[in-house]
Amino acid sequence: MLFAGDAASLINPLTGEGIYYALLSGRLAGEAAVLSAGDPLTAYRRRLRAALGRHLLTTDVLARAAQSPGFIDAAIATAARRPEVFDLLVEVGLGAGTVPAPLAAAVVSRWIRTNLGARG
């Protein structure tokens, strides 16, 4: 038995979205069952990890960071000035996108400047 979507706990920890994961994981489960009939679970896990591993790590980290005051404001302020950042955040929220290190550094830098400025 191969679980997909919500049954496999594939829910975006940042947004709660799961439709993309349901469709992707269902397709991967079906492919694993057909192409690796001898050991579909191992094939499915490998394909799922390759497709979503970095993304789920990214969304988990972002969901944790979003608990800190001002982080979402800093991300939105950065996205408002840079359309490519906006597009990337949409992909992270609704698809399998990840956040490149330079962008993460820009958001964290703005967050720190804003928080330090508010204290001083």
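Because the structure is predicted, anything quoted here is derived from the model rather than measured.

1. A word on the packing of helix α1 (residues 19–35) against helix α2 (residues 40–65)
Interhelical geometry of α1 versus α2 gives an angle of 150° and a closest axis separation of 8 Å. Accordingly, the angle class assigned to the pair α1 and α2 is roughly antiparallel. Crossing of α1 over α2 shows right-handed handedness. Here α1 contributes Y20, Y21, L24, S25, L28, A29, E31, A32, A33 and L35 to the contact with α2, which in turn contributes P40, A43, Y44, R47, L48, A51, L52, H55 and L56. Looking at side-chain class alone, the contact of α1 with α2 contains 15 nonpolar, 2 polar and 2 charged residues.

2. Brief notes about the pattern of salt bridges
Summed over all chains, the structure comprises 4 salt bridges. For the salt bridge of R47 with E31, the shortest nitrogen-to-oxygen distance reads 3.0 Å. Here R47, found in helix α2, pairs with E31, found in helix α1; they are 16 residues apart in sequence, far enough to count as distant. In this structure R47 comes out as partly exposed when scored by relative accessible area, which is 29%. On the accessibility criterion, E31 (27% relative accessible area) is partly exposed. Among the salt bridges present, the one from D60 reaches R64, with a minimum N-O distance of 3.1 Å. In this pair, D60 and R64 are both assigned in helix α2, 4 residues apart and thus about one turn of the helix distant. With a relative accessible area of 26%, D60 lands in the partly exposed category. Residue classification places R64 among the exposed positions, given a relative accessible area of 59%.

3. Side note on the packing of aromatic side chains
Going through the model one piece at a time under the given rule, you end up with 1 aromatic pair. Look at Y20 and Y21: their rings are 6.1 Å apart centre to centre, the planes differ by 65°, and that puts the pair in the edge-to-face class. When its relative accessible area of 30% is taken as the criterion, Y20 is described as partly exposed. What makes Y21 buried here is its relative accessible area of 0%.

Conventions we followed
- Residues numbered from 1 in each chain as written.
- Predicted model: local features only at pLDDT ≥ 70, side-chain atom pairs only at ≥ 80, totals over all residues.
- Heavy atoms only, no water.
- Axes fitted to C-alpha atoms, helices over the stretch in contact; angles between N-to-C directions.
- Helix = DSSP H or I, 4+ residues; strand = E, 2+ residues; numbered from the N terminus.
- Parallel < 35°, antiparallel > 145°, perpendicular 65-115°, else oblique.
- Left-handed = near helix turned anticlockwise from the far one by under 90°.
- Contact = heavy atoms within 4.5 Å.
- Nonpolar A, V, L, I, M, F, W, Y, C, P; charged D, E, K, R; others polar.
- Salt bridge = Lys/Arg side-chain N within 4 Å of Asp/Glu carboxyl O.
- Buried < 20%, exposed > 50% of the residue type's maximum accessible area, 1.4 Å probe, protein only.
- Phe/Tyr/Trp six-rings, centres within 6.5 Å; stacked < 30°, edge-to-face > 60°.

In short, shape yes, function no, at least from these values alone.
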